[in-house]
Amino acid sequence: MSTAAIKTPPHCCADFCLIPMGVDSASVSPYIAQVQTLLKESGLEYHMHANGTTVEGSWDAVMKVIGQAHGMLHDQGVVRVHTDIRVGSRTDKHETAKSKVASVERILSGK
């Protein structure tokens, strides 16, 4: 089988933690704020939390915006950017970060 024929999943949910390295301060909040602005402009569903961001959309769109975050910071002179990514996809049903949390919360509530 040709690898060109292999498709990427139509939807995924990724959690990523982007870390600009070698910057002048231990605080990277200004860089993360810029990444959040990029995510907002992308039109993808996303949710920032204390240790990263969850983003949802097509596989290609999610990976593109994470790559754009790297490129944006490199363009500003950040020479090294490290990102840890956990990504999941399903083909049996459309699942969102919100629906995954709601499923566990239903179990916890005894419903």
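This one's a predicted model, so the numbers in the text were calculated from it and none came from an experiment.

The rules behind each value
Residues numbered from 1 in each chain as written. Predicted model: local features only at pLDDT ≥ 70, side-chain atom pairs only at ≥ 80, totals over all residues. Heavy atoms only, no water. Salt bridge = Lys/Arg side-chain N within 4 Å of Asp/Glu carboxyl O. Helix = DSSP H or I, 4+ residues; strand = E, 2+ residues; numbered from the N terminus. Buried < 20%, exposed > 50% of the residue type's maximum accessible area, 1.4 Å probe, protein only. Pairing = 2+ DSSP bridges. Axes fitted to C-alpha atoms, helices over the stretch in contact; angles between N-to-C directions. Contact = heavy atoms within 4.5 Å. Parallel < 35°, antiparallel > 145°, perpendicular 65-115°, else oblique. Left-handed = near helix turned anticlockwise from the far one by under 90°. Nonpolar A, V, L, I, M, F, W, Y, C, P; charged D, E, K, R; others polar.

Draft legend 1. Here's a closer look at the pattern of salt bridges. Across all of its chains, the model carries three salt bridges by this definition. Here R86 and D15 are joined by a salt bridge, their closest N and O atoms 3.0 Å apart. Of this pair, R86 sits in strand β4 (residues 80-88) while D15 sits in strand β1 (residues 12-21), and the two are 71 residues apart along the sequence. With a relative accessible area of 59%, R86 lands in the exposed category. The exposure class assigned to D15 is buried, which follows from its relative accessible area of 16%. Across the salt bridge formed by R90 and E95, the nearest N and O atoms sit 3.2 Å from each other. Residue classification places R90 among the partly exposed residues on the basis of a relative accessible area of 36%.

Draft legend 2. Region of the structure containing the sheet that holds strand β3 (residues 52-57). Taken together, the four strands give an open sheet; going across it, the order is β2-β3-β1-β4, and neighbouring strands pair in antiparallel fashion. Two strands lie at the open edges of the sheet, namely β2 (45-49) and β4, each paired on one side alone. In this sheet, adjacent strand axes meet at a mean angle of 20 degrees when their direction is disregarded. Summarising the sheet, β1 and β3 pair through five bridges and their orientation is antiparallel. In the strand pairing of β3, F16 is matched with T53. Its contacts with the sheet place helix α2 (residues 59-75) against β1, β3 and β4, and it is angled at close to 165 degrees to β4.

Draft legend 3. Up close: the packing of helix α1 (residues 29-42) against α2. One can describe the packing of α1 onto α2 by two numbers: an axis separation of 10 Å at closest approach and a directional angle of 135 degrees. Accordingly, the angle class assigned to the pair α1 and α2 is oblique. α1 and α2 meet at a crossing whose hand is right-handed. Of the residues in α2, those in contact with Y31, Q34, V35, L38, L39 and S42 of α1 are V65, Q68, A69, M72 and L73. Partitioned by chemical class, the residues of the contact of α1 with α2 number eight nonpolar, three polar and no charged.

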